[in-house]
Amino acid sequence: MAKKKLSEKEILALLDDPQFHLAVAEYPTEHQDEIDAIDEYIRRVTPSLAPWVSASNPAETRIVGKRVKRVEDPVRLTGQAMYATDVSLPGMLHAAILRSPHARARIEDIDTSAAEALPGVRAVLTYKNVPTEGGAKTGSNPDRYAVQRDVNFAGEEVAAVAAEDAHTAREALDLIKIKWNVLPSITDMKEALLASAPDLAGTRTGNKTPASAPTKRGDFAAAYASAPIKHEGTYTTTTLQHATLEPYATVVRWDAPDHVTAWASTQYAPGIRSGLAGYFGLPRARVRAIAENTGGGFGSKTGANRDAIIAAVLSKMTLRPVKVAFDRPGNFKAATHRFADILTLKAGVTSDGRLVAYEGFNYGDAAAYRGGASAIVPLQRLYRADNATFTYQGVITNRPPSGAQRCVGDPQGTWAQEIFIDELAEKAGMDPVAFRLKNFETKIDQDTKRTWASCGIVECVEQGAKAIGWQQKWHKPGAAIRGSKAHGIGMAAHACAHGAMSLPMSSVVRIDQAGAIDINQGLTEIGGGQSTTMMMIATETVGASLKDAYPTWGDTGFVSDTGGTWGSRGTISAGSAVRNAALDLKAQLLVEATKPRGSSNKPLLEGKPEDLDTADGYAFLKADPSKRVALKDIVSATGSPMMGRGTHVVPAGVAMSVFAAGFAEVEVDLDTGEITLLRYIATDDLGKAINVLGAEQQIEGGASMGIGMALGEELKFDGPGNFPVNANWENYAMPTALDHPRWADFRPILVEPGDAIGPYGAKGLAEPPTAPPPPAIANAVYNAIGVRIHDAPITSDKILAGIKEKGLRA
């Protein structure tokens, strides 16, 4: 197929489009032509570094690869950190949101007169006065506005009140009277696909979004027909909520009729800026977005969500600052959700256990606003299959908006694939570990034919198997039952596009006359230690000391655009830009150190710039390190601070992927159906750990979310009304400390093959640890009691039904 041609105008437009940046980070292979065109353009127009400044990954490092406490933590641990919900401005109004109790309906009329008359109320926003012209939408397909007349899911925003205090705003909501026309709704994908289902979108397409073009390799039908071992299975996952510690929150103040400042809980401050600018038709220079701290995002806070738009509209109406902070039930109902999926997999295997034919079909819950809901990507990456077909089909329902949640579709796809692979191994009469090792693709992306920049999947599986004692503990299903307790062990492997490099990538690194290093980059700090990682890369590269450095982030008025903190792209993408900025600064320092100056016309160090190096706050002669000068003295000699600038592009012709594996050991109670997770080993190929402590924390956090998906998390909907019934932390079954193994038995293992393109050999990490736990636990449960659970989560009622069917209990 011919590559897509892009004009310079089209390239520049994509470079300025935050939604494109998000799409590229999550699904790079779907936008490969655009990525290649943009990268080629940037390489052509970007000045290159001095040839004598090395950008290769050194054999030894002084700072990178060590355990460093995060610089962001002290203010958070002491409660001093400022979040959007903490912002309080003079004259600030508080907003409350009225949400639809119906999953699909139209407002025939709305009466706000009593609410407007309540003392302390300053504005009421409804469909009657909401902006609808120009760019005044929060989404489309169908159209979405700051508040809605036509409701498409239960919990959707239909009115907002701004008042002098939060209590008055909430009281005013009760005074709003609405005449509803309630319409038929569906929150179950299978029901939505029935011929008898109501046409939710008015498209007469059977509630289906346009199907993706199938990805095809070879001849699946012929290879499957001739395979001696065949297997087919269907696997489902359900809707999950991000359950971030901090719900959606934004404070907006209009500083002038055409200038606005927003304090937001977001993963991408420039996304807030561009979203508000687009909504109000302002130049971006007139919008400032600040995200000092963000209490978690996991993919739910990628741009200007409705909280930001509502706050901005109410602020413009009242000419006063307005805070919009979703409460917990509101966040559960209306924020972005991880989408449910149904995957049907089919494969043919040779008698010696080689995968020769593979087919995957995926129905994804695109929900009310037709969001992306594909879980296909992990199926295409991990296992070698010369004859394969992969197809995705979105389904429209009245569930809340679907979107990114930590690994965007990959946990769902990995859930299906890794249970399926276990079943294939059993049909082939092979150990699950041996079957996987036989079938991994470790060299290339099979669809683009590009070579992986790094691949550590074999090491992940081998090290994980050794750590959990696979050879000693794995047994035939149901062969280790003692009384009412059954023991089992299971594993899962994973590969995804997250952790790859993507645009935009820019940074500035500055040093002043005292030797203080400022790392200026726009990657939002959302709790993952991203800022400390950037600080370590910069100081390692400049040759400075950690104690002399501090990172800057989260304010579009001061930082460069380094892209969003999503797609596990932070370390490899922002880190590459930071390293280039630091290399630029280092080159300047070495030039200044060797430049003749003063009345004596002598340099600070004799020699050429290429004869020098830096470390521990000094520049020195490589031939004689005792001849050195402090970096701060070099800067002082120039009379002003020095600044390095850096950008980066994705190297041409390579493929990027992150790999992981998980190993679970469980005990199943045959009387109660309760699962006790005894041990969990997470092995993750991260290329190279910049901060070992931070990497271990990321793996533990990701694995914990995966344990939640495995053992209980599920947003449940009332059948007749189709509204969520467990929209709070009390009833939404997130894992607690009691659901995890003991600390000593919950172990991360860092696999470091070194990445060819990442800074110091690093690539992304945050998302991949989330995908292996659910299928690893499901496979361990099967090993314990011989019962396969295909539908996540694995709850006690499903276990007990399987135990009864197996005859293990009456």
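Structure's up top.
Since this is a predicted model, take the numbers as computed values, not measurements. (Residues numbered from 1 in each chain as written. Predicted model: local features only at pLDDT ≥ 70, side-chain atom pairs only at ≥ 80, totals over all residues. Heavy atoms only, no water.)

Colleague: Outline the overall build of the protein chain, listing residues and values.
Modeller: Assigned secondary structure in the protein chain consists of 22 helices and 32 strands. Radius of gyration (C-alpha) of the protein chain: 28 Å, near the 28 Å computed for a compact globule of 810 residues. With respect to the principal axes defined by its C-alpha atoms, the protein chain has extents near 95 × 75 × 55 Å. Burial analysis of the protein chain (810 residues in total) assigns 60% to the buried set. (Helix = DSSP H or I, 4+ residues; strand = E, 2+ residues; numbered from the N terminus. Rg over C-alpha atoms; globule rule 2.2 N^0.38 Å. Buried < 20%, exposed > 50% of the residue type's maximum accessible area, 1.4 Å probe, protein only.)

Colleague: Tell me about the sheet that holds strand 28 (residues 642–647), and name the residues and values.
Modeller: In spatial order, the strands read 24-23-22-28; together these four strands make up an open sheet with mixed pairing. Of all strands in the sheet, those bounded by a partner on one side alone are strand 24 (549–552) and strand 28. For this sheet the average axis-to-axis angle between neighbouring strands, irrespective of direction, equals 15°. Relative to strand 28, strand 22 (residues 506–511) runs antiparallel, the two being bridged by six bridges. Paired with serine 506 across the two strands is threonine 647, which belongs to strand 28. Across the face of the sheet, helix 17 (residues 530–542) comes into contact with strand 22, strand 23 (517–520) and strand 24 while running at roughly 130° to strand 24. (Pairing = 2+ DSSP bridges. Axes fitted to C-alpha atoms, helices over the stretch in contact; angles between N-to-C directions. Contact = heavy atoms within 4.5 Å.)

Colleague: Outline the packing of aromatic side chains, listing residues and values.
Modeller: Applying the stated criterion to the full structure yields 16 aromatic pairs. Here tyrosine 248 and phenylalanine 326 contribute two aromatic rings whose centre-to-centre distance is 5.4 Å and whose plane-to-plane angle is 35°, an arrangement assigned as tilted. You can see tyrosine 248 sitting in the loop between strand 9 (240–241) and strand 10 (249–256) and its partner phenylalanine 326 sitting in the loop between strand 13 (322–325) and helix 11 (328–334), a full 78 residues away along the chain. Like phenylalanine 326, tyrosine 248 is buried. Their ring planes at 85° and their centres at 5.0 Å tell us that tryptophan 254 and phenylalanine 280 sit as a pair that is edge-to-face. Placement of the pair is tryptophan 254 in strand 10 and phenylalanine 280 in helix 9 (residues 269–280), with a sequence separation of 26 residues. (Phe/Tyr/Trp six-rings, centres within 6.5 Å; stacked < 30°, edge-to-face > 60°.)

Colleague: Before we move on, can you summarise the packing of helix 17 against helix 18 (residues 570–593) with the specific residues and values?
Modeller: Their axes nearest at 8 Å, the elements helix 17 and helix 18 cross at an angle of 30°. When the interaxial angle is binned, helix 17 and helix 18 end up roughly parallel. Crossing geometry of helix 17 relative to helix 18 is assigned as right-handed. Together, Thr533, Met534, Ile537, Ala538, Thr541 and Val542 of helix 17 and Gly570, Thr571, Ala574, Gly575, Val578, Arg579, Ala582, Leu583, Leu585, Lys586 and Leu589 of helix 18 make up the contact between the two elements. Across the contact of helix 17 with helix 18, the residue classes tally to ten nonpolar, five polar and two charged. (Parallel < 35°, antiparallel > 145°, perpendicular 65-115°, else oblique. Left-handed = near helix turned anticlockwise from the far one by under 90°. Nonpolar A, V, L, I, M, F, W, Y, C, P; charged D, E, K, R; others polar.)

Colleague: So what's going on with unusual backbone geometry? Which residues, and what values?
Modeller: Between asparagine 141 and the following residue, proline 142, the backbone shows a cis peptide bond with an omega angle of -5°. Tracing the sequence through the fold places proline 142 in the loop between strand 3 (121–125) and strand 4 (150–151). Between leucine 503 and proline 504 the backbone carries a cis peptide bond, its omega angle lying at 0°. Here proline 504 lies in the loop between strand 21 (485–496) and strand 22. Although it is not a glycine, alanine 367 adopts a positive phi angle of roughly 65°. With respect to the helices and strands, alanine 367 occurs in the loop between strand 16 (355–365) and helix 12 (377–381). According to the relative accessible area criterion, alanine 367 is buried, its value standing at 1%. Even without glycine at this site, aspartate 616 takes up a positive phi of about 55°.

Colleague: Quick rundown of the nonpolar core? Include the residues and the values.
Modeller: The nonpolar side chains of a soluble globular protein tend to be buried with one another. Formed by 93 residues in total, the largest nonpolar core has its most connected members in Tyr358, Phe663 and Ile785. Beyond its immediate sequence surroundings of up to four residues, phenylalanine 663 is in contact with Val433, Cys460, Val461, Gly464, Ala465, Ile468, Trp470, Gly490, Met491, Arg679, Tyr680 and Ile681. Ala146, Ala160, Ala291 and Ala334 belong to the second largest nonpolar core, which has 41 residues in total. (Core = buried A, V, L, I, M, F, W, Y, C linked by side-chain atoms within 4.5 Å.)

Colleague: Describe the pairing of strand 12 (residues 287–290), and please don't skip the residues or the numbers.
Modeller: Of the pairings in the sheet, the one linking strand 11 (residues 259–264) to strand 12 comprises four bridges and is parallel in character. Looking at strand 12, one finds that tryptophan 263 is bridged to isoleucine 290. Regarding the hand of the β-α-β motif, the stretch spanning strand 11, helix 9 and strand 12 is right-handed. (Right-handed = clockwise from strand over helix to strand, strands pointing away.)

Colleague: Can you lay out the pattern of salt bridges for me, pointing to particular residues and giving the numbers?
Modeller: As a working rule, side chains carrying opposite charge can pair if their charged atoms are close by. In this structure the tally under the stated criterion is 34 salt bridges. A salt bridge links arginine 679 to aspartate 745; the shortest N-O distance between them is 3.7 Å. Remark: aspartate 745 occurs in the loop between helix 20 (692–711) and strand 32 (746–751) and arginine 679 occurs in strand 31 (residues 675–685); sequence separation between them is 66 residues. There is no split in this pair, since arginine 679 and aspartate 745 are both buried. (Salt bridge = Lys/Arg side-chain N within 4 Å of Asp/Glu carboxyl O.)

Colleague: Just give me the short version of the pairing of strand 10, but keep the residues and values in it.
Modeller: Walk down a regular strand and you will see the side chains alternate between the two sheet faces. Summarising the sheet, strand 10 and strand 13 pair through four bridges and their orientation is antiparallel. Paired with alanine 249 across the strands is alanine 325, a residue of strand 13. The pairing of strand 10 with strand 11 spans six bridges and is classified as antiparallel. Opposite valine 252, over in strand 11, you have alanine 262 as the bridge partner. Linking strand 10 to strand 11, which pair antiparallel, is a turn of two residues.

Any link to function would need more than the numbers given here.
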